[in-house]
Each structure stands twice: as structure tokens, then as C-alpha cells.
Amino acid sequence: VIREILVPVIEGIAKAISTSREALAAELEEIAKGVRDGKLIANEAFTRAKHSVDRIREVKEGLPDE
Amino acid sequence: MKKLLLATTLLTSCTSADRIRYAYAGGATLKQAVEDTHALYDGKLNAKIDACDPKNNKAVTTDAQFDACLTDRYDEAAATRVLKAVEAYNKVASTLSELILIGAEWPAVQQKLRELATAAKTLIALVPGADPAVVDRLLRGVL
């Protein structure tokens, strides 16, 4: 009787652990892909900031000091 | 015994995975805050440049008048400070990315996340009207 109860329980746990591992691996792979793609880096802000500074310099260069 | 070992391994890997999630979520949250704050600054800066550009403003005929029109919050020096702050932020974000990818120890990752938070605060502090304390609120529970 104990074996009849224990075996499905252990099998169920093993299956759950296996599924969790697969889900975990998939999620971690997704995170790694995001990191590799530069999703933690503010590239858009950098491009805009550089463009704005260049714009100010262009206007200033076209003007006399006084 | 095998089951116990398996369960322990899973528990350990989950803890490590949770930390990677924290580091990634923290980094992504900070990036969003930095992008959003900078977008607000950039919008105002470019509106100022438009308003002060001699093409649109006949009263501006000299470099000094252009500087005066932009005001010290949006002049070349201020815009350059913001650019440098974004550069510094991105440098720390790159290192954090590398640490996550190589599966570095949590204390090293956590330290870099803290440095990223400091870099984000430095940048946000340069934006008129923005509150650097938002970084602490966003990272509550992560660090």
C-alpha cells in the first residue's frame, strides 16, 4: 500500500522538478539573450545626448563670439 | 539520498537563478528610468535649442547671446555633463551585463548593481525637476 502511494508521489515530484528545471533554463536563456542584446544599456539615451550636444556645438560654431 | 541531492541541487540553482533575475530586473528597471528621465530632459533641451537657434530667433546673433538664451541648465556645459553621465552609466551597465553572463558571484553582481544605481542617481540629479530618490524606490527589494 505504501509503495502504491509513494511511487506516484515520487514520480510526480520528479516530473515537477524536471518541468521546473526546463522552465527555469528557458527563462534564464531569455534573460541571457536580453543581456547580450544590450537591454541593460541606455543606448537610446546616449545617442540622443550626443546628438543634442553636437547640435549645440553646430549652432555655436556658426555664431561670432560677440 | 539521490532525491535529497537532487532537491538540494534544485534549491541551490533556484537561489542562484533568483539572483540573476534580481540583477536583470534591477538593471532593466534602472535603464527604463534613465531612458525616461533623459527623454524628458532631451525634449526640453531641444525645445530650448529650437527657441534660441538664430534661424528661429532673430534676437540671437552672437555665441554669448545663444548661451544666455539656453540658460545654464541647458547650455553646452550642462548638456555635456548629461552626456558624460549617460556614458558613465552605460559603462557600469556593460560590466554588470558581463558579470551576469559569466555567472559571477552574487556579491560582485550586487556591488555592480549598486554602482549602477549610483550612476543612475548622478544622471537623474542633472535633470531639472527630476528626483534621484526614484532609484531607491524602484530598487526596493532588489538590493
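See above for the structure.
Computed from a predicted model, the values in this text were never measured in an experiment.

(A) Broad picture of the overall build of chain B. Assigned secondary structure in chain B consists of 5 helices and 0 strands. Helices (α) and strands (β) of chain B occur, in sequence order from the N terminus, as α-α-α-α-α. Radius of gyration (C-alpha) of chain B: 21 Å, far over the 15 Å computed for a compact globule of 143 residues. Dimensions along the principal axes, computed over C-alpha positions, put chain B at roughly 85 × 25 × 20 Å. Residues counted as buried form 41% of the 143 residues belonging to chain B. Put simply, of all contacts in chain B between residues at least 6 apart along the chain, 60% involve residues at least 24 apart. For chain B, the exposed area adds up to about 7,600 Å²; of that, 58% sits on carbon and sulfur atoms. For chain B, the separation between the mean place of its 18 positive charges and that of its 17 negative charges on side chains is 10 Å.

(B) Molecular detail of the packing of aromatic side chains. Residues and elements named next belong to chain B. Following the criterion strictly, the structure yields 1 aromatic pair over all chains and no others. Between Tyr41 and Tyr74 the ring centres are 5.5 Å apart and the planes differ by 25°, which places this aromatic pair in the stacked class. On the criterion of sequence distance, the pair formed by Tyr41 in helix H1 (residues 2–52) and Tyr74 in the loop between helix H2 (63–70) and helix H3 (76–101) is long-range, its members being 33 residues apart. Judged by relative accessible area, which is 2%, Tyr41 ranks as buried.

(C) Quick look at the interface of chain B and chain A. Facing the 48 residues of chain B at the interface are 35 residues of chain A. Linking chain B with chain A are 7 salt bridges, by the criterion used here. For Arg21 of chain B, the salt bridge is made with Glu27 of chain A, and the minimal N-O distance between the two is 2.7 Å. Our count for the contact surface shared by chain B and chain A stands at 13 residue pairs in polar contact (both at pLDDT 80 or more). Among the elements of the structure, H1, H2 and H3 of chain B are those that each provide at least two residues to the side of chain B that touches chain A. Here the side of chain B that touches chain A gets 22 residues from one element, more than from any other, and that element is H1 of chain B.

(D) Inspection of the side chain of Glu35 of chain B at higher detail. Inspection of the secondary structure puts Glu35 of chain B in helix H1. For Glu35 of chain B, a relative accessible area of 10% puts it in the buried group. Leave out the neighbours within four places in its chain, and Glu35 of chain B touches Ile41, Ala42, Asn43, Glu44, Ala45 and Arg48 of chain A.

(E) Spatial organisation of the nonpolar core. Residues Leu30, Tyr41, Phe66, Tyr89 and Leu116 of chain B are the most contacted members of the largest nonpolar core, which totals 48 residues. Looking at this core, the elements with two or more residues in it are helix H1 (2–36) and helix H2 (43–61) of chain A together with H1, H2, H3, helix H4 (106–125) and helix H5 (134–139) of chain B. The element that contributes the greatest number of residues to this core is H3 of chain B, accounting for 12 residues. Those residues within four positions of Leu116 of chain B in sequence are excluded, and the remaining contacts are Gly27, Leu30, Tyr89, Val92, Ala93 and Leu96 of chain B.

Cut-off values and rules
Residues numbered from 1 in each chain as written. Chains lettered and ligands numbered in written order. Predicted model: local features only at pLDDT ≥ 70, side-chain atom pairs only at ≥ 80, totals over all residues. Heavy atoms only, no water. Helix = DSSP H or I, 4+ residues; strand = E, 2+ residues; numbered from the N terminus. Rg over C-alpha atoms; globule rule 2.2 N^0.38 Å. Buried < 20%, exposed > 50% of the residue type's maximum accessible area, 1.4 Å probe, protein only. Contact = heavy atoms within 4.5 Å. Areas by Shrake-Rupley, 256 points an atom, 1.4 Å probe, with all protein chains shown as cover. Lys, Arg positive; Asp, Glu negative; His and termini not counted. Charge placed at Lys NZ, Arg CZ, Asp CG, Glu CD. Phe/Tyr/Trp six-rings, centres within 6.5 Å; stacked < 30°, edge-to-face > 60°. Salt bridge = Lys/Arg side-chain N within 4 Å of Asp/Glu carboxyl O. Polar contact = N/O pair within 3.5 Å; in protein donor to acceptor, adjacent residues only side chain to side chain. Core = buried A, V, L, I, M, F, W, Y, C linked by side-chain atoms within 4.5 Å.

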